[in-house]
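An overview of the molecular structure
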Amino acid sequence: MVHQECIKCKTSYGIDEIVYFCKKCGDILEVKFDQKELLEKISGKDWKTSPLSVWRYRELMPIHETTKVVTLNEGGTGLHRAQRLGSELGLSNLYIKNEGENPTGSFKDRGMTVGVTKAVELGARHVICASTGNTSASLAAYAARAGIKCTVLIPSGKIAYGKLSQAMIHGAKVLQVKGNFDEALEFVLKLAEKHKTIYLLNSINPFRIEGQKSLGYEICEQLNNEPPDRIIVPVGNAGNISAIWKGLKEFYQLGLIKKLPKMTGIQAVGSAPIVQAIKTDCDKIIPVENPETVATAIRIGAPVSWKKAVNAIRESHGTAETVTDEEILNSQKLLAQIEGIFVEPASAASIAGLNKLIKRGIILEDERVVCVTTGHGLKDPDTAVKMSEKPIEVDAEMTAIEEALGLRNKVSILAQ
Ligand code: AN7
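Residues numbered from 1 in each chain as written. Predicted model: local features only at pLDDT ≥ 70, side-chain atom pairs only at ≥ 80, totals over all residues. Heavy atoms only, no water.

1. Overview of the overall build of the chain
Quick reminder of the rule: Secondary structure elements are taken from DSSP: a helix is a run of H or I of four residues or more, a strand is a run of E of two residues or more, and numbering for both begins at the N terminus. Every radius of gyration here is taken over C-alpha atoms, with the globule rule written as 2.2 Å times N^0.38, N being the number of residues. Accessible area is worked out with a 1.4 Å probe on protein chains only. A residue is then buried under 20% of its type maximum, exposed over 50%, and partly exposed in between. Areas reported here follow the Shrake-Rupley algorithm with a probe of radius 1.4 Å; residue values treat only the protein chains shown as occluding. Counted as positive: Lys and Arg. Counted as negative: Asp and Glu, with His and the chain ends omitted from the count. One atom stands in for each charge, and that atom is NZ of Lys, CZ of Arg, CG of Asp or CD of Glu.
Counting its secondary structure elements, the chain contains 16 helices and 13 strands. For a compact globule of 416 residues, the expected C-alpha radius of gyration is about 22 Å, and the chain comes in at 22 Å, within 12% of that figure. Based on the C-alpha atoms only, the size of the chain along its principal axes is roughly 85 × 45 × 45 Å. In the chain, buried positions account for 57% of the 416 residues. About 18100 Å² of surface is accessible on the chain, with carbon and sulfur atoms providing 53% of the total. One way to put it: in the chain the 52 positive side-chain charges average out to a point 5 Å from where the 49 negative ones average out.

The following block contains the structure:
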């Protein structure tokens, strides 16, 4: 039977029990399916009959059959062959899985459609999260869709404007905590513990991870069930890389794919506790007290799902790498300018990481690589404007416009 299970001591909890940490050992939980039951559920099922989306995989989601789902058509994002970027970086088979194409502009929607559906199934009337921006934007939208109350705690000053505007317009109660994301998360964990009517939807909630695992399924299906050699993911709180790995492993266990990609996590230099743990082969992370990076989405010093992420990277024989703010911004610009894909800085960390790993000789020219770009560029317009060529102000006159475009001389020569 499908159940929630502690990742450490394996204590089991029902899927209708509201529990965020193991009551015995305090570790985090994951949803576990019975292998046989899953095989029965999907046997004879033709995946191709419904469109590529999170709910194409309904049988693989821990939601009761009769439950009405809360959806805005999430998932089914493009997997774009990036030939020009590939040859620029020295790779012949590069793909971009562009999660900015989701309803609220980030991969978080995959988790929220399942998480908020679960909340409604459990009878919750009030949902909450702490967020660096995208989680709050997504939760606010899905809570609005479900007609339930939403509260979000964000670090003051440091969240991108696009994301803040989303949380606000969807009617969430927005609290700007005078502190960083990690402090905000501590408060929501305590709030959910203390006030049982508030349902917590950070990625500590294993139902969110279930929705996000569809990202792994989709990559496989978009490549005709021949997974890439490597998937590169920006890492913050570490839910996404863990979720993708869970999805890939399930597809493998179901016999749908024959090999597993190397999971590769990228963090910003100023907030890289997971990279540190991987590089020093350590079994614990050392939280970063004051995380800093231009990629505010991944400005997280104490990732709650670090253990799952470290497992995913080690089990898959992948790796982890840091990138500087400068490398992130250069990659964001490059992707926008030679592939036409506009992503937010955190997302560009995957491209910056790829570049670095190719230069270091860790990724070879013939590897098939998928970079996940996690959020849309319009989430953070300020950063994009700051780093781009400024608009040229001109008089409303043809001659001035031609002059600005360098067309003035040619025209006058022709006119003579
Ligand atoms: C664009 O919104 O944590 O490693 O509170 O918005 O699963 O945390 C955002 C994370 C990568 C990192 N890219 O994913 C939040 C939040 C973007 C993001 C991440 C985030 P996780």
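There's more to say after this.
2. A word on the pattern of salt bridges
Stated precisely, the cut-off is as follows: Definition used for salt bridges: Asp or Glu carboxyl oxygen within 4 Å of a side-chain nitrogen of Lys or Arg.
Inspection of the entire model under this criterion finds 24 salt bridges. Here Lys 213 and Glu 210 are joined by a salt bridge, their closest N and O atoms 2.5 Å apart. Its relative accessible area of 0% is what places Lys 213 among the buried residues. For Arg 314, the salt bridge goes to Asp 283, with nearest N and O atoms at 3.4 Å. Of this pair, Arg 314 sits in helix H11 (residues 306-315) while Asp 283 sits in the loop between helix H10 (273-279) and H11, placing them 31 residues apart in sequence. On the basis of relative accessible area, Arg 314 is assigned to the partly exposed category, the value being 29%. You can call Asp 283 exposed: its relative accessible area is 63%. Taken together, the shared-partner salt bridges in this structure form one network comprising Lys 97, Glu 99, Arg 110 and Glu 218.

3. A few points about the site of the ligand
Applied cut-off: Here a residue counts as near a molecule or strand whenever at least one of its heavy atoms sits within 4 Å of it. As used in this structure description, the phrase polar contact means that two N or O atoms lie within 3.5 Å; if the pair is within protein, one of them must be able to donate a hydrogen and the other to accept it, and residues adjacent in sequence are counted only when both atoms belong to side chains. Residues were grouped as follows: Ala, Val, Leu, Ile, Met, Phe, Trp, Tyr, Cys and Pro as nonpolar; Asp, Glu, Lys and Arg as charged; and all remaining residues, including Gly, as polar.
Around the ligand, the structure places 22 residues, and the nearest of them are Asn 134, Thr 135, Asn 237, Ala 238 and Thr 374. Between Ser 131 and the ligand, the recorded distance is 3.0 Å, taken from a side-chain N or O atom to an oxygen atom. Within the backbone of Asn 237, one N or O atom sits 2.7 Å away from an oxygen atom of the ligand. Contact with the protein chains covers 99% of the free accessible surface of the ligand, which is 470 Å². Elements represented by at least two residues in the shell around the ligand include exactly helix H4 (134-146) and helix H9 (239-253). A class-by-class count of the residues in the shell around the ligand yields nine nonpolar, 11 polar and two charged.

4. Some remarks on the sheet that holds strand E11 (residues 262-268)
Operational definition: Strand pairing follows a simple DSSP-based rule, namely that at least 2 bridges must link the two strands. Axis definition: a line fit to C-alpha positions, over the contact stretch in the case of helices; interaxial angles, taken between N-to-C directions, run 0 to 180 degrees.
Pairing within the open sheet is mixed, and its six strands lie in the order E4-E5-E13-E10-E11-E12. The open sheet has two edge strands, strand E4 (79-81) and strand E12 (319-323), and neither has a second partner. If you compare each strand with its neighbour and ignore which way they point, the axes differ by 25° on average. Where E11 lies against E12, five bridges are found, and the strand directions are parallel. Counted as the bridge partner of Gln 267 is Thr 322 from E12.

5. As for helix H6 (residues 181-194)
As a reminder, the rule being used: Expected span, for any helix, means 1.5 Å times one less than how many residues it has. The contact criterion used is simple: two residues touch if any of their non-hydrogen atoms lie within 4.5 Å.
For H6, built from 14 residues, the straight-helix expectation of 20 Å at 1.5 Å per residue is met to within 8% by its first-to-last C-alpha distance of 20 Å. For H6, the elements touching its buried residues are strand E6 (126-130), strand E7 (149-155), strand E8 (173-177) and strand E9 (198-200). One side-chain oxygen of the residue at the start of H6 lies 3.2 Å from the amide nitrogen of Asp 182, identifying that residue as Asn 180.

6. Looking at the environment of Ile 300
Inspection of the secondary structure puts Ile 300 in the loop between H10 and H11. The spatial distance from the C-alpha of Ile 300 to the C-alpha of Ser 271 is 6.0 Å, given a sequence separation of 29 residues. Apart from residues no more than four positions distant in its own chain, Ile 300 is found in contact with Thr 132, Phe 181, Asp 182, Gly 236, Asn 237, Ser 271, Pro 273 and Pro 291.

7. Some thoughts on the pairing of strand E5 (residues 93-98)
E5 sits mainly inside the fold: five of its six residues count as buried. Two strands pair when backbone bridges link them, and E4 and E5 are joined in this way by three bridges, in the antiparallel orientation. Across the sheet, residue Leu 79 finds its bridge partner in E5, namely Lys 97. Judged from the six bridges that link them, E5 and strand E13 (residues 368-373) form a sheet pairing that is parallel. Paired with Lys 97 across the two strands is Val 372, which belongs to E13.

8. Some remarks on the domain arrangement of the chain
Going by this rule: Each domain's limits were defined by an automated method or a database of domain assignments. Note on definitions: buried area is the accessible-area loss of two parts on being combined, 1.4 Å probe, summed for both.
Looking at the assigned domains, one finds that the chain contains domain 1 (1-32) and domain 2 (79-105 + 209-386). Computed over C-alpha atoms, the centres of domain 1 and domain 2 are 27 Å apart. Sorting the residues of domain 1 by area buried against domain 2 places Ile 7, Ile 28 and Val 31 first, and these three jointly supply 66% of that buried surface. Scanning the region where domain 1 abuts domain 2 turns up one salt bridge. The residue Lys 307 makes a salt bridge to Asp 27 at a minimum N-O spacing of 2.4 Å. Applying the counting criterion to the domain 1 and domain 2 interface returns three residue pairs in polar contact (both at pLDDT 80 or more). Looking at the side of domain 1 that touches domain 2 residue by residue, the classes come out as four nonpolar, no polar and three charged.

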